[in-house]
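Chain and residue survey
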Amino acid sequence: MGNETKSNGASSLGGGGGGFRAKMEHYVYSGEKKHVLAGIGIFTVIFGIPWYLMNRGSNNHRSHQDYMEKADKARKARLSSSPSPSSDNQIHAVNDPLTQGFPCPYKHNSAMSEPVAQSFGLCLLGFILKGFYEILEAMGMASMNSSGESLKLCVFDLRRGQNEGQELDKILFFYPPDVTFSTQLSVIGLSEGLITFTRLFSPEAACEVIEAERHSHVFHEAEPDIWMVMVVEKNKEIEAIWRVDALQKVLKEVHSLFVMFHGSIRSLLDKEPSGGLIRSHLYPFITDYLNDLSVGKKLQLPSFRETLKERGTVQMLTLARDAALEVQSLVGVLDSCAGTLRCHSVILFHDLLVSTTLSPDDTVDLFTFSVMRLTSNALSSGTSSWSYLRKGTSLSQTSSKSTSPQLLVSSDSLPSGNGHDAGRVIRPLQHNKWIKGKDGFLVTDIWGKDATPTIWLHQRQERVHLLAYQQKCLTLVLLVPTEAIVNGELDISFVKHQVIENATAKILKVEEKLSKGWGGENAYHVSGYRYLLVDNDMEVSRASPSGKVATLAKETLLAVNKLRETVDTEKSRTKEEKDMEICIRAKNNAWAIARVTRGKELYMALEKASDTLLDATDSVQSFSNRYCNGTFSMD
C-alpha cells in the first residue's frame, strides 16, 4: 500500500501527462536558474509596490518632521507681516505659497496621502514577507514534520533532472529513505532554489546555512555541483542546541570517508550516468555511518555537550624521546616490507595517533576510520570508540524499506566501483566485521572472501591495499600500492610475511614502551581547566577527557558553545587569518574564553565563580606558557 501510494505520487510529479498542477510543481521543484530568476522577478514586482508606497514623496522632504519645521517657519513669517489675522487668513494658510512645496498630511486630497500610503505600504510589505516566509517553510518542510523525523539529509546533483519529468534523477541520496517522493522533491527543490538564489550574489562562496524559524538548513558542496544538505528541526529541548560548523563537519566527514573507499561521486556518475551505481553505494554507506549517531531509534547530532571536541582532526600521542626513536625505527622497517616499493603506514595506540607517513588530509580520513572500526577499543566494544554517543538500533532495516530512486536500478548486477570486479556493493562501515587473526592481522569479509581491503588516497591519487596489524593496544595500518599487486611485482602474503619476520620484535618493543608511559584516559587532563586546542594547519586537536568535560554545568557548556559560534562567524566574515580573543561570562559566573592566532585555536572553560576577568585571562596565559610554548600569549 505504502509503496503503491508513493509510486503514484512519483508518477504524478514526474509524469509527462501535463496539466496545470504538474507544470507548476515542475517550476517550483526544478530549481533551474531561469525559474529562480522568474520567481525573483515576480517577488521584485510584488515587493516593489509597497516599497514605492513607502518611499513616495521622499524627494520632496526627508520626513514629516522636516515638513512641520518648515511649515511652522512659514506661518511665523506670515503672522509677523499680518498684525491682525482674520479667519480668512487662517483658512488661506493651508494654501500659502510658502508651504505648497511640502504636502500637508492633514490636507484632504483625492489621492492617497503620504503617511497613509507609507503605513499601507509597510503593512503590505509585512504581510508579503510573512507570507513568503511561510510559503518557503511549508513548501519544503510541512511534509517533513509529518514523517516524524527531526533530521533530513540529502545528496543531489545540480546537473541532473533539469528537464520536466526527470526531477527524480537529481536525487542521489535521501534520509529517511521511506518518505514520499513529493517530500524529497520539496526539500531538494527548496535547497536548490536557495543555492541558485545565493549564487546570484556570491558566485564563488555559495550558501552555507539558512536559519528559518522552525528549521536549520546546512549546506556543503562536496564536489562541483554535488550538494549535501542537512535539514534539522528546531525544538525547545536543551539537548538540541548545536553549532552549524559542527553539522557541516559531519557532512564533510561522511563525504571524505566515502571518497576514500569508493572514489568521487562524480567519477561514479560518469561511469554509470543513469545514477544506479552511485545510489547503490551512497545509500548503504551513509546509512552505516548514521548508525554511529543513532540512540535508540533516533539520530542524535553533535550538541553543545561536545563543543570541546573537534571533528575532522586527529588526536596525537605525546612521546618520550626514547619511545619516539623506537617508533621511527619501526616506521623504517614497515616502509621496506614491500621490497623496492615504498609502503605508507599509520600507527595508533589506543585511539591516539603515534605516527603517519601520509598527508594531513589522508591521515585524518584513515585515522577516523581506524578509530571507528579497527583499533583495539573498537574491536573490543563492537562499536566505534571514537563516537561520544551511545550506539542504538541499526538503521539498515529502515533503508531496506526505501522506495527511493536507488531501487529503480538493481544493485545485483552493478560493478562494485571500488577496485574489485565482483558484482556486490562494499559496505566498509558495517559493525562487527573485523576480527583479529592468529597471525595478528585483522581480517574481514566485507570486500569478499579472502579479498584484501582497498582505499583511495586522495592526496596521492593512488589506490592502495589496506593491511591492519594489531598487538594489544597498538594498531598498525600498512598501505601497499595496488598496481604492484596487479602487475605481479608483489604479493600480499609476501608483505605480511615480511612484517611478521622483520618487524615483530620492534612492534613488541614499541608497544611495551608506550604502555609504560601511558597515563590512561585522563592522560591529558589539566587540573582546573577544561580546554580544546586545535591546529588547523596540521589538522590536529587535543582536548580535556570526555569524563572531565561532562562535569561542567550546562550553563558553562552553553557559554562555550556560544563562544565557538562567535569565532566561527568571525572566521567566515574575514578570509584572512587574524588574532582574536573573546570572553563570555556564563549565567553561573563561569568564564568561556577563546584565543585564536596564526591558524591555532584555544577554547577554555573556567568555573571558579570568584574569578574576575583578569583572573581568568591570567589562567589562560599560564596555560599557554606551560602547555603551548606561549603560542596564545597576548604579550
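Residues numbered from 1 in each chain as written. Predicted model: local features only at pLDDT ≥ 70, side-chain atom pairs only at ≥ 80, totals over all residues. Heavy atoms only, no water.

Threshold: UniProt positions are given in the numbering used here, feature names are shortened, and annotations may be inferred rather than shown by experiment.
Under an unreviewed UniProt entry, the name given to the protein is CCZ1/INTU/HSP4 first Longin domain-containing protein, and the organism recorded is Brassica napus. Per UniProt, the protein has the following entry under Sequence similarities (unreviewed entry): "Belongs to the CCZ1 family."

Observations concerning the pairing of strand 8 (residues 344-349)
Going by this rule: Here the term buried applies to any residue with accessible area under 20% of the maximum for its type, exposed to any over 50%, and partly exposed to those in between, with areas from a 1.4 Å probe on protein chains only. Put simply, DSSP marks the helices as runs of H or I at least four residues long and the strands as runs of E at least two long, and each gets a number from the N terminus on. Pairing between strands is defined by DSSP: at least two bridges between them are needed.
Buried residues dominate strand 8, accounting for six of its six residues. Taking every second residue as pointing to the same face, both faces of strand 8 are buried, with His 344, Val 346 and Leu 348 on one and Ser 345, Ile 347 and Phe 349 on the other. By the bridge criterion, six bridges tie strand 8 to strand 14 (residues 474-481) in an arrangement that is antiparallel. Paired with His 344 across the bridge in strand 14 is Leu 479. With four bridges joining them, strand 8 and strand 9 (residues 352-356) adopt antiparallel strand pairing. Along strand 9, the bridge assignment pairs Val 346 with Thr 356. Hairpin connection of strand 8 to strand 9: two residues between the antiparallel strands, including His 350 at a positive phi of 55 degrees.

Topic: the pattern of salt bridges
What counts is decided by this rule: By definition, a salt bridge exists where a carboxyl oxygen of Asp or Glu is found within 4 Å of a side-chain nitrogen of Lys or Arg.
Scanning all chains against the criterion turns up 24 salt bridges. The salt bridge partner of Arg 199 is Glu 221, with a shortest N-O separation of 3.0 Å. Separated by 22 residues along the polypeptide, Arg 199 in helix 7 (residues 181-201) and Glu 221 in strand 4 (residues 215-223) bring together distant segments of the chain. Overall, the relative accessible area of 23% leaves Arg 199 in the partly exposed class. Connected through shared salt-bridge partners, Arg 243, Asp 245, Lys 249, Glu 310, Arg 564 and Asp 568 make up one network.

Let's talk about the sheet that holds strand 1 (residues 151-157)
Using the following cut-off: Angular values range over 0 to 180 degrees, each being the angle between N-to-C directions of two axes fitted as lines to C-alpha atoms, with helices fitted over their stretch in contact. Should any heavy atoms of two residues lie within 4.5 Å, those residues are considered in contact.
Spatially, the five strands line up as an open sheet ordered 2-1-5-4-3, and their pairing is antiparallel. If you trace the sheet from one side to the other, it starts and ends with strand 2 (171-175) and strand 3 (209-211), each paired once. Adjacent strand axes in the sheet meet at a mean angle of 10 degrees, parallel and antiparallel pairs treated alike. Alignment of strand 1 against strand 5 (residues 226-233), held across seven bridges, turns out to be antiparallel. Each bridged residue has a counterpart across the sheet, and for Val 155 the counterpart in strand 5 is Met 228. Running over the sheet, helix 8 (residues 244-262) touches strand 1, strand 3, strand 4 and strand 5 and is turned about 35 degrees from strand 4.

Things to note about unusual backbone geometry
In this model, Tyr 175 is joined to Pro 176 through a cis peptide bond whose omega is 0 degrees. Look at Lys 472: it is not a glycine, yet its phi comes out positive at around 55 degrees. Assessed through its relative accessible area of 56%, Lys 472 is described here as exposed. Phi is positive for Arg 598, which is not a glycine, with a value near 50 degrees. Within the secondary structure, Arg 598 sits in the loop between strand 18 (591-597) and strand 19 (600-606). The exposure class assigned to Arg 598 is exposed, which follows from its relative accessible area of 54%.

As for a nonpolar patch on the surface
Note the cut-off: Any residue with relative accessible area above 30% and no salt bridge may belong to a patch, with like charges joined within 9 Å and the nonpolar Val, Leu, Ile, Met, Phe, Trp and Tyr side chains within 5 Å. The Shrake-Rupley method, run with a 1.4 Å probe, gives the accessible areas here. Residue values count only the displayed protein chains as cover.
The grouping of Phe 197, Leu 200 and Phe 201 at the surface amounts to a nonpolar patch, some 310 Å² of accessible area in total. Looking at where Phe 201 falls in the secondary structure, it is placed in helix 7.

So, the environment of Ala 240
In this fold, Ala 240 is placed in the loop between strand 5 and helix 8. In sequence terms Ala 240 and Pro 302 are 62 residues apart; their C-alpha atoms lie 8.7 Å from each other.

Observations concerning the pairing of strand 19
If a strand is regular, its side chains alternate between the two faces of the sheet. Burial analysis of strand 19 places six of its seven residues in the buried class, the great majority of the element. In the sheet, strand 15 (residues 530-535) pairs with strand 19 via six bridges, with the strands oriented antiparallel. Of the residues in strand 19, the one forming a bridge with Asp 535 is Lys 600. Here strand 18 runs beside strand 19; their pairing, made up of seven bridges, is antiparallel. Opposite Ala 594, over in strand 19, you have Tyr 603 as the bridge partner. Where strand 18 folds back on strand 19, the antiparallel hairpin that results is connected by two residues, among which Arg 598 adopts a positive phi of roughly 50 degrees.

Some details on the packing of helix 8 against helix 12 (residues 360-374)
To keep things clear, this is the line we draw: Angle categories are assigned with fixed cut-offs, so that under 35 degrees is roughly parallel, over 145 is roughly antiparallel, 65 to 115 is roughly perpendicular, and the rest are oblique. Any residue outside Ala, Val, Leu, Ile, Met, Phe, Trp, Tyr, Cys, Pro, Asp, Glu, Lys and Arg is labelled polar, Gly included; the first ten of those are nonpolar and the last four are charged.
Two numbers describe how helix 8 lies on helix 12: the axes approach to 10 Å, and their chain directions differ by 95 degrees. In terms of their interaxial angle, helix 8 and helix 12 are classed as roughly perpendicular. For the pair formed by helix 8 and helix 12, the contact residues are Glu 253, Ser 256, Leu 257, Met 260 and Phe 261 on the first element and Asp 365, Leu 366, Thr 368, Phe 369 and Met 372 on the second. Along the lines of polarity and charge, the residues of the contact of helix 8 with helix 12 split into six nonpolar, two polar and two charged.

Section: the sheet that holds strand 19
Spatially, five strands are ordered 16-15-19-18-17 in an open sheet, and the strand pairing comes out antiparallel. Looking along the sheet, the strands with just one partner apiece sit at the ends: strand 16 (540-543) and strand 17 (580-585). The average undirected angle you get between the axes of adjacent strands in this sheet is 10 degrees. Across the sheet, helix 18 (residues 554-573) touches strand 15, strand 17, strand 18 and strand 19, and the angle it forms with strand 17 is around 150 degrees. Strand contacts of helix 19 (residues 613-627): strand 15, strand 17, strand 18 and strand 19, with the helix running at about 45 degrees to strand 18, the strand carrying the most contacts.

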